[in-house]
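Each chain is listed here by its residues.
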Number of protein chains: 2
Amino acid sequence: MRDVAALAKVSTKTVSRVINGLPGAGQEVVDRVRAAARTLGYRPNLAASGLRRSDKRSATIGVLFEDLSNPFDSALLRAVEDRARQGGVLVLAGSSEDDRALQGELLGSLAARRVDGVVVMAAGGHQDALQQERERGTPMVLVDRPPTFGGTDCVTTTNRDSSREAVLQLAALGHRDIAFLGDRRTLWTSQERYTGYLEGLAQAGLTLREELVRTDLHGADLAETATTALLDLDKPPTALFTAQNLVTVGSMRVLRARGLQRSVALIGFDDFPLADMLEPGITVVRQDVPGIGRKAAELIFARIDGDTSPPVHAVVPASLVRRGSGEISPH
Amino acid sequence: MRDVAALAKVSTKTVSRVINGLPGAGQEVVDRVRAAARTLGYRPNLAASGLRRSDKRSATIGVLFEDLSNPFDSALLRAVEDRARQGGVLVLAGSSEDDRALQGELLGSLAARRVDGVVVMAAGGHQDALQQERERGTPMVLVDRPPTFGGTDCVTTTNRDSSREAVLQLAALGHRDIAFLGDRRTLWTSQERYTGYLEGLAQAGLTLREELVRTDLHGADLAETATTALLDLDKPPTALFTAQNLVTVGSMRVLRARGLQRSVALIGFDDFPLADMLEPGITVVRQDVPGIGRKAAELIFARIDGDTSPPVHAVVPASLVRRGSGEISPH
DNA sequence: TCCTCCTACGTCAACGTTGACGTAACCGGC
DNA sequence: GCCGGTTACGTCAACGTTGACGTAGGAGGA
């Protein structure tokens, strides 16, 4: 900046004015400064700028999801990024692996970089690190899972209602033995979906068969094992409700391996690519992922801009997409 | 920091020493400073630190891919992120939409934040903005597509060789009318894969039928249209080589709609989730995405650490995954 | 004609941190 | 008892930028 000022024969302050488009610089000077900046390849240093500026903005937000290579997470990231771009804001992205220690560490790294706000998919268990960061004043929005502490915005989907709806549809087809296969019980979404399952059974007048409930299935492999065990029961389920996309994939594999994909009904929570191309197509509860991302971005930027209205828990509706696997009758 | 110093009754310099774990601070003082920092909730400001430090590191790298919600891109991001984490480096991620103007803008934003280096999936066409940035000294690694300028590392896969291999396999099964369906011709990968296709035909002693070549298919919809047109030819192809994953999906849809998925052979470039669960499974050329990401990360961090050896063009081998659709004989 | 106001700059200090360098106290050796 | 060396601090300025404020010159009004 000093070099630019010297070349344009003005003070650094005037360069600053020109770069930021502030008034108080004549047209001739503006042109000289612009030319000098171009010839020297000058780039403003946002870090130094943010250090001095009054608003202390870094024009950067943090995004901390479970696994950025998961389609759900990356679609969410993309939606947040699109909204951020409109404000000239860049996104620092990280994967927490659903590990509290790692999440806390990454959160510290983001704080050290003075991000203007964070969008977090909270790791299961205690949210102490999140709460601390929030209490230090960092604008924060949780996605997919609500906070266990107060004063923080959050965006989730209709986990319970949509799960109930899925189970009711199965029951309406005549299924009386509907299994539940879920992800880790520490996850709020798993709990909600399980509650929806219970509500659905109750509402359909069915009694819960404990042995048809399998949880803590983290990943497709565990889901395969659990599905195999369920099908080997003396009185196996005639329908499966798989409460997470990797679980759905695991169950599907087993059904296909046994040639049961047209006789055992299946509804999964979370859509996945090509679910419509399988035979039969897989009926799923589809979350409005871009909608969730947009909403989260909207909330975080409002908070960054000083919105102090009471915290919001936004619920973005999911919908049941019927493709065949969930429309199979028993026997 | 001043507050911490005051509370611990030391100078800010000593606080700096304690925070950075530098020698020259007694045990008692270290404990006092740590306690003070904790009670005040002190967080070091990395921006200010980087401003003053001699190495000028921001401990942040930029990643500029085409679309972060694409599974290929997000898997790549994840691999880079994993490597970055080991060095305490965070990742600023952006989607360029394969738009040069947007890519240039994002590149400028990254530069303003003084990222230590960038990993870029170059947008098609001129790479002026990239070259400029590179010439300003920013460490840079291109992935998936090589630079059109010199002095820059790059990681790609065996586009040409693997495409040739795919075509040769189809020819070996007796196919003589093998169609090529490709993404935008401005993309280097498309060109390479097309060249591989031509080499494969030549090596198998087949003559090119121009009307079996369809390019500029950006997205599954265009691929569907093109596939439909191909199948409606008087002498339709008996095998398809689809040179990008969305193109593969589009072609698959049409084959299934016409009930041809077991009679027309199909090999796609790029694997995709559930390709193995379809009937028949889809034979694909699978890139080693984590391998590409790891290599790119390794290169960028080496350059950041001052490696000045000649630029490298690393080629990570892809492999043909046989699942059925590419093993269908003609008629 | 004189005073006021505005425009177009410049000067200085400060943002939070660390490199360079200074200094007081202590230690060991002759 | 003196000297050189080491340890444990502190002081000061600077990184690149901008807010607060100062000032010179010209325009405009009474």
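Residues numbered from 1 in each chain as written. Chains lettered and ligands numbered in written order. Predicted model: local features only at pLDDT ≥ 70, side-chain atom pairs only at ≥ 80, totals over all residues. Heavy atoms only, no water.

Colleague: Give a detailed account of the domain arrangement of chain A, specifying residues and quantitative values.
Modeller: Examined at the domain level, chain A breaks down into domain 1 (2–44), domain 2 (60–157 + 289–317) and domain 3 (159–288 + 320–327). Relative placement of domain 1 of chain A and domain 3 of chain A: their C-alpha centres are 64 Å apart. (Domains from an automatic or database assignment.)

Colleague: Would you mind going over the relation of the copies chain A and chain B in detail, with residue names and values included?
Modeller: The operation relating chain A to chain B is a screw motion whose rotation component is 180 degrees, with 0.0 Å of axial translation and a residual RMSD of 0.1 Å. Within this description, the copies of the chain are treated as partners about a two-fold rotation axis. Taking C-alpha positions as the reference, the residue of chain A nearest the rotation axis is L92(A), at 2.2 Å. Most of the interface of chain A is mirrored in chain B: 100% of its interface residues are interface residues there too. (Least-squares fit on C-alpha atoms with pLDDT ≥ 70 in both. Contact = heavy atoms within 4.5 Å.)

Colleague: With reference to specific residues and values, describe the sheet that holds strand β10 (residues 283–286) of chain A.
Modeller: Residues and elements named next belong to chain A. Pairing within the open sheet is mixed, and its six strands lie in the order β7-β6-β8-β9-β10-β12. Of all strands in the sheet, those with a lone pairing partner are β7 (213–214) and β12 (319–321), marking the two edges. Packing against the sheet, helix α8 (residues 159–172) makes contact with β6 (178–181), β8 (239–242), β9 (265–269), β10 and β12, and its axis sits at approximately 175 degrees to β9. Lying on the sheet, helix α11 (residues 245–257) is in contact with β6, β8 and β9; it crosses β9 at an angle near 160 degrees. (Pairing = 2+ DSSP bridges. Helix = DSSP H or I, 4+ residues; strand = E, 2+ residues; numbered from the N terminus. Axes fitted to C-alpha atoms, helices over the stretch in contact; angles between N-to-C directions.)

Colleague: Please give an account of the protein's contact with DNA strand D that cites residues and values.
Modeller: Looking at DNA strand D, there are 25 residues lining it, with M1(A), S16(A), Y42(A), T14(B) and G26(B) nearest. Considering the 4 Å shell around the protein, atoms of DNA strand D inside it are sugar or phosphate in 59% of instances. At 2.9 Å, a side-chain N or O of K13(A) approaches a base nitrogen of DNA strand D. N20(A) is positioned such that a nitrogen or oxygen atom in its side chain is 2.8 Å from a phosphate oxygen of DNA strand D. At the level of secondary structure, the elements contributing two or more residues to the surface near DNA strand D comprise α2 (12–19) and α4 (46–52) of chain A together with α2 (12–19) and α4 (46–52) of chain B. Looking at the surface near DNA strand D residue by residue, the class counts come to eight nonpolar, eight polar and nine charged. (Near = heavy atom within 4 Å. Polar contact = N/O pair within 3.5 Å; in protein donor to acceptor, adjacent residues only side chain to side chain. Nonpolar A, V, L, I, M, F, W, Y, C, P; charged D, E, K, R; others polar.)

Colleague: Got a sec to walk through the nonpolar core? Specific residues and values, please.
Modeller: If you look at the biggest cluster of nonpolar residues, it comprises 54 residues, and the most contacted ones within it are F65(A), L77(A), V155(A), F65(B), L77(B), V143(B) and V155(B). Discounting residues that sit within four places of it in the chain, F65(B) has contacts with D73(B), L76(B), L77(B), G94(B), S95(B), S96(B), E97(B), V119(B), M121(B) and V143(B). The next biggest cluster of nonpolar side chains, apart from the first, holds 48 residues, and it includes L231(A), V264(A), A275(A) and V247(B). (Core = buried A, V, L, I, M, F, W, Y, C linked by side-chain atoms within 4.5 Å. Buried < 20%, exposed > 50% of the residue type's maximum accessible area, 1.4 Å probe, protein only.)

Colleague: Explain the protein's contact with DNA strand C to me, and be specific about the residues and the numbers.
Modeller: Near DNA strand C lie 25 residues; those nearest to it are S11(A), T14(A), G26(A), M1(B) and S16(B). In DNA strand C, atoms within 4 Å of the protein come from the sugar-phosphate backbone in 61% of cases. Between a base nitrogen of DNA strand C and a main-chain N or O atom of A48(B), the distance comes to 3.3 Å. In terms of residue class, the surface near DNA strand C is made up of eight nonpolar, eight polar and nine charged.

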